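Analysis of the macromolecular model
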Amino acid sequence: MDDRSSSPWRWPREWGIDVTLNASITPDLVTQHGLRPEEYEGIVERLGREPSIVELGIYSVMWSEHCAYKHSRPVLRGLPTTGERVLVGPGENAGVIDIGGGLAIAFKMESHNHPSAVEPYQGAATGVGGILRDIFTMGARPVAMLDNLRFGEPSDPAMQHLVEGVVEGIAGYGNCVGVPTVAGDVMFDPGHAGNILVNVMCVGVMRSEDLALGQAQGPGNAVLCFGSATGCDGIHGATFASEELSEQALERRGAVQVGDPFMGKRILEATLELIRRGLVAGIQDMGAAGLTCSTCEMAGRAGTGIEIDLDRVPQRAEGMSAYEIMLSESQERMLAVVEPPKIEAALEVCERWECGGVVIGEVTDTGQMVVRHHGATVADIPAEHLTGAAPVYHPEDAPPAAPRPLGETPRIRRSEVNATLLRLLASPTIASKRWAWRRYDHMVQTGAAVRPGEGDAAVIRLRGRDGGPDRFIAVTSDGNHRAVARDARIGGQLAVCEAARNLVCVGAEPLGVTNCLNFGSPERPEVFGAFRRCVGGMAEACRALGVPVTGGNVSFYNEADGIAIPPTPMIGMLGLIEDAAHITRMAWREVGDVICMLGPLPEGLGGSELLKMTAGPDLPGTAPLGTIAPFDLEGEVRLQSLTLRAIREGLIRSAHDVSEGGLAVTLAECCLGGLGARIDAAPGDDLAVALFGELPPRVVVSVRAEDAPRLCAMAEAEGVDCAEIGEVTGGGLSLAGCEEIAIDALRAAHETRPWEGLA
Amino acid sequence: MKTGVIIFPGSNCDQDCLDVSERVMGWEAIPCWHRDALPPGLDLVILPGGFSHGDYLRAGAIAARAPVMADVARFAQAGGPVLGICNGFQILCEAGLLPGALRINRDLIFHCEDVWLRVERRDTRFTSACPERIQMPIAHREGNYYADRETLARLEGQGLVLFRYEENPNGSVNDIAGIMSEAGNVCGMMPHPERASEDVLGCTDGRSVFESLALATGVGN
């Protein structure tokens, strides 16, 4: 553990910042705080005076890209955010969807990329801790975690260190807190080597009446802080997240926080008990920008003011300045607003869960955020100016680099099919991620109805209440950046559609979307151009599928050595399964069942794993090789609606979508349950495209032989292509006249670890 | 049948054990806080899995010294059945109610996976309803059972090993997955029977452990 409490060190001072109150505000100091001269002028004008150093620090984090979405807000407005099931949309700690029966689901996704690049274990662990707090602060008990990880090629020893650290960090925090990590994905590409991505999603369930909001309601109410004491870790974390990774930035280890999952578990239980017993009028965790962000956001949302006395804030370092206390991102801290008659009961709950609990101030009606320290007023700022008045930028927009056309498509002879399939199955992005998820407790809370590797999405059982039947939600998160790099708009559409398709394949109806949009610097026109087009594509897909976006996170400045990562939107999605009989997995069920492919014929190889294997990966800073085919969004909507309807009508026995590796890999994965398949003919005439082309999306299903005609008729009526391509057997997998591959050989290839020696 | 499930700060399988007791087995299940006295009239005490006190210091070491543990020891002394699952097993060892210790897995990583167990004795109050082989999940990083040679000889000699891994996942000596006390009323096991007690979770072998306990107490529902 990183304990600096013994010495009165000052990270901000190490960057040349004087954090004492008599510091004079120079243009350099303003720049060091990531504020532009015109932003600073706006601050002086609004305050009617020069800000103090504490106020400058507060503005710098609240107006950082991470907190204020300065470059992304106008674009994000294009996403559909309303729907009859939406209880809470964007702007709160997490989105909330009503699933009926008195229950609601809170879910949210966030990035912890830069901290994980510097210190992978703690970076990932505190990412998990942070997203958990976003969920339970709404009053929901976390029931599932998902992780989307992007690394460079695993052959790079630096990557091995990062992969190990990130996976251990996720396990270390999530396992201890007792929230199952159930799904996610891991992809390896050189474009992410310099700036890895660690995106975490959390899903929680609550009784609708327990919904709690991060609002400082009721002037005169007490402001209570509980959880860990405030230390010097993580100062300026939000600003750190809002700049490019450089040698200099990597030196700022003080901007990385250290997690304490046991405290995380205690504040989780304390928070849920406080909310369930009606003891808080508003509550919020202290995440990015710590005490600063939680106080002014709560006041800003409620239109109230807030006044706090830093002398009362429990501190774990001696002699911390007001600047440091306000900007610390020490983990596992909560801020609650409590009516005076309930203070005693609230403090008792905190004591019971051994997580402190101190009244540090009160809600006022002045609209001002006032901070006192050692008897002096060190900050006095209109709360709404911090939260609502951050500048908005409309950066220059240029079309992203077009993909280079693929001269000659790789051809695959029939004799090469099996070897190609086995190589693809063993490739790091496609191979089983058991090496990761077996380290995650994915079964705690006895809810894992569909476990990792069993279906296209995780299915979580919600225990029936009062003798009622169990209910089920499905959750998924992923995003294929290779498609986005080739066509940002279509890539955005595909990402949303893939998440929805994953839910549909396990038998769930998609209800809501969250996201984490990882891009380079928005100040680069082609990055912003890709961002705008990608979000536009996402919005089109969300509208077409009828799923609202309830929140999300934008992570800009993912760059290394001046080169942006490939645009990488991650889509998290929530679905509902009303009947246990509709739960569908990917494994074949019975010998003799007919295998059908639903959806259009594959086209092209751009962005595919096969092309990566034969022509090499996309390289950072160069236009990718190979285009992707136009995408028929309406056709995709029909495909998904047909699949879900056929599942609900009991026709479909297994379902798995075609994604990385194409049809052959999909079929192989369906065989891993133990039954084989004989595929009579691969649809299309080019073997490489037919078996290994990834787009447009399709779904492979198996049905009882007698049901095949009905499925085909339904598909025809819906306008979806349906091809009978083979049947389930008791042997291995034989593809279009190739020799049969034994299931054990498929399994062995699929269980290949990304590098030798990985435990 | 009335069962108490002890809750320490950091326990995280407490609700699962309460739920299986109540909803699957139809028992009365009472959450018992670590600082409080054990409620009277219990037929069974379960120490659930999790990370009591964060597993800081040593898994189970702090929980073993909680106020409620003195009552649990008295309950056991009087012949009451005590089942420790995962972290509960670690706590029972730390409290001296069972011999041996659980060390970090030999490959130093957390394992969450299904394992097959051989049920070594099927005439005990924890196993009388179990078939010869049962499958259930493990989820631990410190499940590598160790006891010195003498203790091990005593455990084996007196038939106190109840569950053995068919394929050893963690390095446990003699493939031990679960043991019982000499008096036969305290059992600790690393695998999670409560995670394998419902059809919807894909496996119901774990229920046989709870069914055995129901048979043994003869209290019925």
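This structure is a prediction, so every number in the text was calculated from the model and none was measured.

Attention now moves to the overall build of chain A. On a plain count of helices and strands, chain A comes out with 27 helices and 27 strands. Rg of the C-alpha trace for chain A: 26 Å, near the compact-globule value of 27 Å for 759 residues, within the 12% margin. Residue pairs in contact within chain A that sit at least 24 positions apart in sequence constitute 85% of those at least 6 positions apart. Taking the average location of the 63 positive side-chain charges in chain A and that of its 101 negative ones, the two points are 3 Å from each other.

The next point concerns the sheet that holds strand β3 (residues 44-47) of chain B. All names here are of chain B. Strand order in the open sheet formed by nine strands is β2-β1-β3-β4-β11-β10-β9-β6-β7, with mixed pairing between adjacent strands. Only two strands of the sheet have a single partner each, and these edge strands are β2 (28-33) and β7 (133-140). Ignoring strand direction, the axes of neighbouring strands in this sheet form an average angle of 25°. In terms of strand pairing, strand β4 (residues 82-85) meets strand β11 (residues 186-189) through four bridges, oriented parallel. By the bridge assignment, V82 is partnered in β11 with V186. Here helix α3 (residues 87-94) sits on the sheet and contacts β3, β4, β10 (176-180) and β11; the angle it forms with β4, its principal contact strand, is near 120°. Running over the sheet, helix α4 (residues 149-157) touches β9 (161-165) and β10 and is turned about 75° from β10.

Moving on, we come to the environment of A:I308. All names here are of chain A. The topology assignment puts I308 in strand β9 (residues 305-309). As a C-alpha pair, I308 and E727 span 419 residues in sequence and 69 Å in three-dimensional space. Among residues more than four places away in sequence, those in contact with I308 are V223, L291, T295, M326, I360, G361, V370, V371 and R372.

Before going further, it helps to spend a moment on the packing of aromatic side chains. Applying the stated rule across the entire model yields nine aromatic pairs over all chains. Pairing A:F262 with B:Y56 gives two aromatic rings, centres 5.8 Å apart and planes at 90°, and the pair type is edge-to-face. Taken as a pair, A:F262 in helix α12 (residues 261-276) and B:Y56 in the loop between β3 and α2 (67-77) lie in two separate chains rather than in one. We classify B:Y56 as partly exposed; its relative accessible area is 34%. Sitting over the face of the ring of A:Y393, A:R36 holds its NZ or CZ atom 4.0 Å from the ring centroid. Between the NZ or CZ atom of B:R133 and the centre of the ring of B:W116, over which it lies, the distance is 4.1 Å.

As a further point, take empty space enclosed by the protein. Residues and elements named next belong to chain A. On inspection of all chains with the given rule, the structure shows five cavities of 30 Å³ or more. As a volume, the largest cavity reaches approximately 180 Å³. N480, L494, E498, E694 and L695 are, among the 19 residues lining the largest cavity, the residues nearest its centre. At the level of secondary structure, the elements contributing two or more residues to the lining of the largest cavity comprise α19 (481-486) and α20 (488-505). Element by element, the count of residues in the lining of the largest cavity is highest for α20, at five residues. Looking at the lining of the largest cavity residue by residue, the classes come out as seven nonpolar, six polar and six charged. Taken as a whole, the second largest cavity spans an internal volume of roughly 110 Å³. For the lining of the second largest cavity, the class distribution of residues is five nonpolar, six polar and five charged.

To continue, consider the pairing of strand β17 (residues 509-518) of chain A. Residues and elements named next belong to chain A. Of all ten residues in β17, nine are buried, a share of seventy percent or more. Of the strand pairs in this sheet, β17 and strand β21 (residues 568-577) are connected by nine bridges, and their pairing is antiparallel. Residue pairing in the sheet places G512 in a bridge with L574 of β21. As paired elements, β17 and strand β18 (residues 549-555) share six bridges and run parallel to each other. Within β18, the residue paired with N515 across the bridge is G552. Remark: the β17/helix α21 (residues 525-545)/β18 crossover connection has right-handed handedness.

This paragraph deals with the interface of chain B and chain A. Each side of the interface is counted separately: chain B has 30 residues, and chain A has 33 residues. Buried area between chain B and chain A, summed over both chains or domains, comes out near 2,700 Å², and the portion from carbon and sulfur atoms is 55%. For the pair chain B and chain A, the number of links is nine salt bridges. In this structure, the salt-bridge partner of B:R195 is A:D441, at a minimum N-O distance of 2.9 Å. Taken together, the links from chain B to chain A amount to 15 residue pairs in polar contact (both at pLDDT 80 or more). Counting residues per element, the ones that place at least two in the side of chain B that touches chain A are α1 (14-24), β6 (111-119) and β7 of chain B. Each residue belonging to the side of chain B that touches chain A can be placed in one class, and the counts come to twelve nonpolar, eight polar and ten charged.

Moving on to the confidence of the model for chain B. Chain-level statistics for chain B give a pLDDT mean of 96 and a share of 99% at 70 or above. Both scores are given for the predicted complex: the pTM is 0.95, the ipTM 0.96.

So, about α4(B). Residues and elements named next belong to chain B. If you check which residues of α4 are buried, you get T151, L152 and L155. With its buried residues spanning 100° around the axis, α4 presents them on a single face. Within α4, the exposed residues directed more than 90 degrees away from the buried face are R149, E150 and G157. Buried residues along α4 sit against β8 (144-146), β9 and β10. G159 occupies a position one or two residues after α4 and carries a positive phi of about 65°.

All names here are of chain A. As for its placement among the helices and strands, R471 is situated in strand β16 (residues 471-478). Assessed through its relative accessible area of 16%, R471 is described here as buried. Within the structure, the side chain of R471 is placed 2.9 Å from the backbone oxygen of G100, a separation counted as a polar contact. In this structure R471 touches I99, G100, G101, L103, I460, R461, L462, L576 and E578, once residues within four positions along its chain are discounted.

Turning our attention to the environment of A:S328. All names here are of chain A. Looking at the element boundaries, S328 is found in the loop between α14 (322-327) and β10 (333-338). Here the alpha-carbon distance between S328 and T230, two residues 98 residues apart in the chain, equals 6.8 Å. At a separation of 2.7 Å, a polar atom in the side chain of S328 contacts the main-chain carbonyl oxygen of G231.

In this section: the packing of helix α4 (residues 53-62) of chain A against helix α13 (residues 290-302) of chain A. Residue and element names in this part refer to chain A. Put simply, α4 and α13 touch, their axes get as near as 10 Å, and they point 80° apart. Between α4 and α13, the angle falls in the class roughly perpendicular. Every residue of α13 that contacts α4 at I58, V61 and M62 is listed here: T292, C293, C296 and E297. Partitioned by chemical class, the residues of the contact of α4 with α13 number five nonpolar, one polar and one charged.

In a pair of packed helices, the angle between the axes and the distance between the axes together describe the arrangement. Residue and element names in this part refer to chain A. Remark: helix α8 (residues 120-136) packs on helix α9 (residues 157-177), axes separated minimally by 7 Å, with the N-to-C direction vectors making an angle of 35°. The two elements α8 and α9 cross, and the hand of that crossing is right-handed. Every residue of α9 that contacts α8 at P120, Y121, A124, A125, V128, G129 and L132 is listed here: H161, L162, G165, V166, E168, G169, I170, G172, Y173, G174 and V177. The residue inventory of the contact of α8 with α9, partitioned by class, reads eleven nonpolar, six polar and one charged.

Residues and elements named next belong to chain A. A sheet is described by the order of its strands in space; here seven strands give the open sequence β8-β10-β7-β11-β9-β12-β13, paired in mixed fashion. Taken across any chain shown, the strands that pair with only one partner, and hence form the sheet edges, are β8 (282-285) and β13 (376-382). Averaged over neighbouring strand pairs, the angle between their axes works out to 20° when direction is ignored. Here strand β7 (residues 222-227) pairs with β10 via six bridges, running antiparallel. Paired with F226 across the two strands is M334, which belongs to β10. With respect to the sheet, α12 is in contact with β7, β8 and β10, its orientation differing from that of β7 by roughly 145°.

The rules behind each value
- Residues numbered from 1 in each chain as written.
- Chains lettered and ligands numbered in written order.
- Predicted model: local features only at pLDDT ≥ 70, side-chain atom pairs only at ≥ 80, totals over all residues.
- Heavy atoms only, no water.
- Helix = DSSP H or I, 4+ residues; strand = E, 2+ residues; numbered from the N terminus.
- Rg over C-alpha atoms; globule rule 2.2 N^0.38 Å.
- Contact = heavy atoms within 4.5 Å.
- Lys, Arg positive; Asp, Glu negative; His and termini not counted.
- Charge placed at Lys NZ, Arg CZ, Asp CG, Glu CD.
- Pairing = 2+ DSSP bridges.
- Axes fitted to C-alpha atoms, helices over the stretch in contact; angles between N-to-C directions.
- Phe/Tyr/Trp six-rings, centres within 6.5 Å; stacked < 30°, edge-to-face > 60°.
- Buried < 20%, exposed > 50% of the residue type's maximum accessible area, 1.4 Å probe, protein only.
- Lys NZ or Arg CZ within 6 Å of the ring centre and 35° of its normal.
- 1 Å grid on protein atoms, 1.4 Å probe; cavity = no way out; pocket = protein on both sides within 12 Å on 5 of 7 lines; lining within 4 Å.
- Points joined across faces, edges and corners; volume = space filled by probe spheres on them.
- Nonpolar A, V, L, I, M, F, W, Y, C, P; charged D, E, K, R; others polar.
- Right-handed = clockwise from strand over helix to strand, strands pointing away.
- Buried area = accessible area lost by both parts, 1.4 Å probe.
- Salt bridge = Lys/Arg side-chain N within 4 Å of Asp/Glu carboxyl O.
- Polar contact = N/O pair within 3.5 Å; in protein donor to acceptor, adjacent residues only side chain to side chain.
- pLDDT = per-residue confidence, 0-100.
- Arc of directions from axis to C-beta.
- Parallel < 35°, antiparallel > 145°, perpendicular 65-115°, else oblique.
- Left-handed = near helix turned anticlockwise from the far one by under 90°.

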